[in-house]
Amino acid sequence: MRTFKQYTTDLFGGIKSLLTGLSVTWKELWTKKVTRQYPENRDMLVISDRFRAELVMPHDENNEHACTACGICEMNCPNGTIQVITKMTETEDGKKKKELDRYIYDLGMCTFCNLCVITCPSSAIKFTNHFENATFTRHKLVQQLNHEGSKLGVKKKEPTSSRPSPKEKEKSL
Amino acid sequence: MFQSYSQPLEFTNLTSWLDAALRENLPEFWAVFIELALVGVVLLAAYAVLAMILIYVERKITAFFQARIGPNRVGKYGIFQTVADVLKILIKEIIQINKVDKFLFYAAPFFMIVASVLTFGAIPFGKSLQAVDFNIGVFYVTAVSSLGIIGVLLAGWSSNNKYSMIGAMRSGAQFVSYELSAGFALMTMVVLSGTMQFSEMIENQAYCWNIFNGHISSLVAFVIYLISGHAETNRGPFDLPEAESELTAGYHTEYSGLQFGFFYLAEYLNMFIIASIAATVFLGGWMPLQISGWEGFNQLMWYIPSYIWFFGKVGVLIFLSLWVRWSFPRLRIDQLLNLEWKYLLPINLVNILVMVILVLTGLTLTDLF
């Protein structure tokens, strides 16, 4: 049996706790707004370096890439996103050599699993965090990653890390 | 004596001019007829516009409470957001549902709308800015606003959906319980003012608002009225009928398009109606803040048009309701009924007795000073 005293203490305790709640939200009303407004804040947008948004093939200033057209990425791709189309060329000394003709990447099929980048023996491809990939038609998502007229670059001694720092990424883009 | 002050911004000027012009040029019957039609159109327009403003204000204030910005894309500061929403809801398809009770299903939203429009007519928005001024205004408002619950129950019953039904039943239980408290709180104030007519009530509060006049008792009644009014609108911590996680959307689960819009509109307008009745009964309605003896101050206050006073007071109360809504967690149904039957109602009954004693023994502020 609850006594009248308990009843009143319950009542006033309840009122006190309600007022505490109200005071908390009142303070919250005047706090700084945390909303980030996306298209306007592009400049100060912070996206993790490890974010995988789009596959690219970096080219240097001589329009040279590192892809030897071995096809390992194509084989490793779980859902047929990558298509490596090769052509046979002859070097000066008459040797026949397989060379990259077109590197087709279908962004619409990609699951961003990163298997292609991990397995690439010559670190020819990488993921960037350029994430604004929306298009109105699906065929625009199918991209050719090697630039027009590009060729295989001379192999350099490169650090084994396949993930260059973001600054280098910016340059290579 | 108030009429002697110059009030160029008052609506009275416009309405009396219109009345005179109509009566001069038309026979009595047609003049009255046109005036009635005009009042109806203006009320309905005000109803829609107010709902739109309220929805915008609610979304903005909600956002501020959650440290967000809120709608800010459609127009400057997003002021056209609700216009866009209303247009969207107007052109949306009303989905025909197979196994509903057709007649009741389509009638239910109108009960809600009609109940709140009827109440809307009795609210004094400003000096002589009231569609009907019954001598039993408080009683009328209480009676008519209770019609809404029929809409809710019909909606839940006719939807042929268990969630709707449970939601409607909860709403019914909640509404019936809290209507009692709201009614008693208003009765307390009727005891204090000695009248049920809104216009007289406001005149009585010219120099001392009811909330000050009845001090302790008035304050308790005010708080109880706000709580129970808030519960009646099915919002805030009392939104059990629409408990999303349990009942999808409660009684309006099966509604779509404009029919849902009606429920939505009525919800917001009910919030406004509760706030405006509270403002009228407790805070002096459209009456400016006046202090007897300070003639200059009073004169200054009268230069602010009465409808601005009214909407200002209502705005404060609506803000209070939003503040409560975004502060407290939802109650369970048993806690809800506990609060009403074990706390609000007994306190209310004692309070009404205290008020009667205060009035009879002359302990109200106007009697004392």
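Structural data are supplied above this passage.
Before going into details, it helps to say that this report is about the structure given with it. These numbers come from a predicted model, not from an experiment.

## Re the overall build of chain A
Counting its regular elements, chain A contains four helices and seven strands. Residue burial in chain A is summarised as follows: out of 173 residues, 13% are buried. Long-range contacts, defined here as pairs at least 24 residues apart, represent 76% of the contacts in chain A between residues at least 6 apart.

## Structural notes on the overall build of chain B
Counting its regular elements, chain B contains 16 helices and zero strands. Taking 2.2 N^0.38 as the reference for a compact globule, 369 residues should give roughly 21 Å; the C-alpha atoms of chain B span a radius of gyration of 22 Å, in line with that estimate. Based on the C-alpha atoms only, the size of chain B along its principal axes is roughly 65 × 55 × 45 Å. The buried share among the 369 residues of chain B stands at 42%. Contacts spanning at least 24 positions in sequence make up 79% of the contacts within chain B whose residues lie at least 6 apart.

## A few points about the sheet that holds strand β6 (residues 142–144) of chain A
Residues and elements named next belong to chain A. Ordered by their spatial adjacency, three strands build an open sheet running β3-β4-β6, and the pairing between neighbours is antiparallel. At either end of the open sheet lies a strand with only one pairing partner, and these are β3 (82–90) and β6. Recorded for the sheet is a direction-independent mean angle of 30° between the axes of neighbouring strands. Where β3 meets strand β4 (residues 96–106), nine bridges bridge the pair, whose relative direction is antiparallel. When the bridges of β4 are listed, I85 appears paired with R102.

## Re the environment of T364 of chain B
Residue and element names in this part refer to chain B. When you line up the elements, T364 lands in the loop between α15 (333–360) and α16 (365–368). C-beta crowding within 10 Å serves as the criterion here: with 20 such atoms nearby, T364 is assigned to the buried category. For the pair T364 and G315, spaced 49 residues apart in the sequence, the C-alpha separation amounts to 27 Å. With residues near it in sequence (within four places) discarded, T364 still touches L192, N213, G214, L358 and V359.

## Some points on the interface of chain B and chain A
In this complex, chain B contributes 10 residues to the contact, which on the side of chain A involves 11 residues. Residue composition of the side of chain B that touches chain A, grouped by class: eight nonpolar, one polar and one charged.

## Re the packing of helix α10 (residues 215–232) of chain B against helix α12 (residues 257–282) of chain B
Each packed pair of helices is defined by two parameters, the angle between the axes and the distance between the axes. Residues and elements named next belong to chain B. As a packed pair, α10 and α12 sit with axes 9 Å apart at the nearest point and diverge in direction by 170°. Judged by the inter-axis angle, α10 sits roughly antiparallel to α12. The hand of the α10/α12 crossing is right-handed. Note on element contacts: α12 touches α10 through N270, I274, A278 and F282, opposite S218, F222, Y225, L226, G229 and E232. Classifying every residue of the contact of α10 with α12 by side-chain character gives six nonpolar, three polar and one charged.

## Brief notes about the nonpolar core
Looking at soluble globular proteins, one finds that nonpolar side chains tend to be buried together. Y225, Y268, L269, F272, A275, A278 and V314 of chain B are the most contacted members of the largest nonpolar core, which has 79 residues in total. Sort the elements by how many residues they give to this core and α12 of chain B lands first, with 17 residues. If we skip the residues at most four places from it in the chain, A278 of chain B touches Y225, L226, G229 and L317 of chain B. Among the nonpolar cores identified, the runner-up in size contains 19 residues, and L100, C110, C120 and F127 of chain A belong to it.

## What to know about the pairing of β4 of chain A
Pairing between β4 of chain A and β6 of chain A: three bridges, direction antiparallel. Residue pairing in the sheet places D106 of chain A in a bridge with V142 of chain A of β6 of chain A.

## A few points about helix α2 (residues 28–65) of chain B
Residue and element names in this part refer to chain B. Look at α2: 54 Å from first C-alpha to last across 38 residues, which is about the 56 Å you get at 1.5 Å a residue. Looking only at α2, the buried set comprises A51, L54, Y56, E58 and K60. The inward-facing, buried residues of α2 abut α3 (81–90), α12 and α14 (306–325). A positive phi of about 55° marks A67, the residue just after α2.

## Let's talk about the packing of α12 of chain B against α14 of chain B
All names here are of chain B. Direction vectors running N to C along α12 and α14 enclose 120°, while the axes themselves pass 8 Å from each other. The angle between α12 and α14 falls in the class oblique. By crossing handedness, the relation of α12 to α14 is classed as right-handed. Side by side, α12 and α14 meet where M271, F272, A275, S276, A278 and A279 of the first sit next to F310, K313, V314, L317, I318 and S321 of the second. Residues of the contact of α12 with α14, tallied by class, amount to nine nonpolar, two polar and one charged.

## Considering the environment of A231 of chain B
Residues and elements named next belong to chain B. If you trace the backbone, A231 turns up in helix α10. A231 gets classed as buried once you count the C-beta atoms within 10 Å, which come to 27. Between the alpha carbons of A231 and L336 there is a distance of 9.1 Å; along the sequence they are 105 residues apart. Ignoring sequence-local partners within four residues, the contact set of A231 consists of Q174, Y178 and F238.

## Some details on unusual backbone geometry
Residues and elements named next belong to chain A. Here the phi dihedral of N114 falls at roughly 80°; this positive angle occurs in a residue that is not glycine. Given 14 C-beta atoms within a 10 Å radius, N114 is considered partly exposed. Positive phi, close to 50°, is recorded for S123, a residue that is not glycine. Mapped onto the secondary structure, S123 falls in the loop between α3 (115–119) and β5 (126–128).

The rules behind each value
- Residue positions are given per chain, counting from 1 as you read along its sequence in written order.
- To label them, take the chains in the order written and letter them from A, then take the ligands in the order written and number them from 1.
- Residue-level local features of this predicted model are given only where pLDDT is at least 70; pairs of side-chain atoms are given and counted only at 80 or more, and the full residue set underlies all totals for whole chains, interfaces and linings.
- Where helices and strands are cited, they refer to DSSP runs of H or I of at least four residues and of E of at least two residues respectively, numbered from the N terminus.
- With C-beta atoms placed from the backbone, the exposure class of a residue follows from how many other C-beta atoms lie within 10 Å of its own: 20 or more, buried; 12 or fewer, exposed; in between, partly exposed.
- C-beta atoms are placed from the backbone for every residue, and two residues are taken to be in contact when these atoms lie within 7 Å.
- We compute the radius of gyration from the C-alpha atoms alone; for a globule the expected value is 2.2 Å times N to the 0.38, where N is the number of residues.
- Here, a strand pair is defined by DSSP locating no fewer than two bridges between the strands.
- Orientation is described by axes fitted as lines to C-alpha atoms, over the contacting stretch for helices, and by angles from 0 to 180 degrees between their N-to-C directions.
- Residue classes follow a fixed rule: Ala, Val, Leu, Ile, Met, Phe, Trp, Tyr, Cys and Pro count as nonpolar, while Asp, Glu, Lys and Arg count as charged, and any other residue, Gly among them, counts as polar.
- For classification, angles of less than 35 degrees are called roughly parallel, those exceeding 145 degrees roughly antiparallel, those between 65 and 115 degrees roughly perpendicular, and all remaining angles oblique.
- Crossing handedness: left-handed means the near helix sits turned counterclockwise from the far one by under a right angle, and right-handed means the same turn made clockwise.
- Residues of type Ala, Val, Leu, Ile, Met, Phe, Trp, Tyr and Cys that are buried and joined through C-beta atoms within 7 Å form what is called a nonpolar core.
- To estimate the expected span of a helix, count its residues, drop one, and scale the result by 1.5 Å.

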